[in-house]
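# A look at the structure
The lines below spell out each chain.
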Amino acid sequence: MNDVIVYTHKDCFLKFNGNNHPERKERIETVNNSLKKINNVIFKESENTSLENIYLVHPEMYVKNLFNMIPNEGLKSVEKEPYADTYLCPNSRNAILKSVGAGINASDDLIKNKSKRFFCSIRPPGHHAEKIRANGFCFFNNIAITAKYLINKYSINKIGIIDFDVHHCNGTQDIFIDQENVFLGSIHQSPLFPGTGSKDEKGKNNIFNAPIKAGTESKEFIDIFNQTIIENLDKFKPEVILISAGFDAHKRDPLANINLESKDFFYLTKIITDLANIHCEGRIISFLEGGYDLIALEEAIQEHIKALMI
Ligand SMILES: [Zn+2]
């Protein structure tokens with residue numbers, strides 16, 4: 001059985017989006033408290049990333065503009081109506097730097113030490129963040145920055161990214177649309193925010209989108225996941241697998257309408273773990289994305305981590 005190293009930081013608790021906003025600190029409190037009940041989970045504090053690592057994905061001008069928008073008090077929306085639900089707060093800078101930093105710390109551990117399984121328990125999430133556009137509660141793309149860091153610093157040639165958050169990863173797709181050395185497979189409800197993620201969006205045949213209808217049940221979800229994403233990732237033969245782990249395809253989630261049970265997150269993750277054991281010496285870094293029901297998060301994160309231990 002593998003240990004799972006969890007990178008997290010209390011600064012990620014301080015990101016505030018206003019009362020009644022679904023992306024709230026109770027999410028990560030619930031996740032971390034649930035993880036503390038599992039043996040073989042090792043908590044580590046993530047460090048602030050350097051800005052240079054963020055520049056691997058986002059242009060310097062965009063990064064500086066965003067940090068300059070951080071308010072001294074209250075909230076600052078980074079989007080125009082009608083999608084104004086992505087806010088900066090006075091504590092955003094450190095939450096962002098620790099969230100990106102978690103993936104960087106995990107990458108360094110992955111290469112230098114023997115640990116193979118990592119979970120970044122972080123917020124703000126990242127998979128909606130495009131190269132030059134914050135949206136969907138995301139500012140910088142945590143998983144994309146980690147992928148670029150592994151490629152640039154450690155000469156990893158082929159990265160596989162799997163996104164099972166219920167929303168399409170418009171940001172991650174925007175960043176890797178023309179990069180054949182990064183495989184991106186996403187299963188997501190459609191139609192739903194952000195509106196992208198059709199099967200026709202293929203990039204350089206490195207993008208594999210699996211849009212699914214509202215009301216999809218567990219078996220159909222896992223069948224489509226296997227056929228559209230896993231079979232193709234198997235052919236791609238990744239050297240490291242990164243997971244955008246959102247838990248909002250759970251039947252309890254208030255933001256979507258897919259009917260996964262908590263235990264389904266074990267099966268989904270085990271499929272990925274089995275493939276990692278075949279192709280990439282078991283190397284997986286998983287990132288918390290969405291998931292807005294606290295009971296679903298408490299249960300599903302346990303299933304996800306237990307399958308990462310296999
Ligand atoms: Zn989501």
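Residues numbered from 1 in each chain as written. Predicted model: local features only at pLDDT ≥ 70, side-chain atom pairs only at ≥ 80, totals over all residues. Heavy atoms only, no water.

Mapped onto the secondary structure, V4 falls in strand β1 (residues 4–8). V4 sits 114 residues away from F118 along the chain, and the two C-alpha atoms are 5.4 Å apart. Sequence-distant contacts of V4, defined by excluding residues within four places in its chain, comprise N40, V41, I42, R117, F118, F119, I305, L308 and M309. (Helix = DSSP H or I, 4+ residues; strand = E, 2+ residues; numbered from the N terminus. Contact = heavy atoms within 4.5 Å.)

Below, the discussion takes up the pairing of strand β8 (residues 207–212). Among the six residues of β8, five are classified as buried, and the element is accordingly described as predominantly covered. Inspection of the sheet shows strand β7 (residues 182–189) paired to β8 by six bridges, in the parallel sense. Its bridge partner lying in β8, Q189 is registered against I212. (Buried < 20%, exposed > 50% of the residue type's maximum accessible area, 1.4 Å probe, protein only. Pairing = 2+ DSSP bridges.)

Once that is clear, we can look at the sheet that holds strand β2 (residues 41–45). Overall, parallel pairing links the eight strands, which are arranged β2-β1-β5-β10-β9-β6-β7-β8 in an open sheet. Strands at the two margins of the open sheet, each flanked by one partner only, are β2 and β8. Averaged over all pairs of adjacent strands, the angle between strand axes in this sheet comes to 15°, irrespective of strand direction. Helix α7 (residues 218–236) rests against β6 (159–163), β7, β8 and β9 (240–245) of the sheet, and its axis sits at about 175° to β7. Seen against the sheet, helix α8 (residues 264–279) touches β5 (117–120), β6, β9 and β10 (284–288) and runs at an angle of roughly 165° to β9. (Axes fitted to C-alpha atoms, helices over the stretch in contact; angles between N-to-C directions.)

Surrounding the zinc ion are the protein donor atoms D165 (OD), D165 (OD), H167 (ND1) and D248 (OD), at 2.0 to 2.8 Å. Of note, the zinc ion draws all its donor residues from one chain, in the sequence arrangement D-x1-H-x80-D. Just as D165 is buried, H167 falls in that class too. (Donors = N, O, S within 2.8 Å, 3.2 Å for Na, K, Ca; no water.)

This part covers the side chain of D264. Locating D264 in the fold gives a position in helix α8. Of the side chains bearing the opposite charge, K263 lies closest to the buried D264, which forms no salt bridge; the N-O distance is 4.3 Å. Dropping the residues within four chain positions of it, D264 is found in contact with S218 and I222. (Lys, Arg positive; Asp, Glu negative; His and termini not counted. Salt bridge = Lys/Arg side-chain N within 4 Å of Asp/Glu carboxyl O.)

Note that all results are geometric; they support no functional claim without further evidence.
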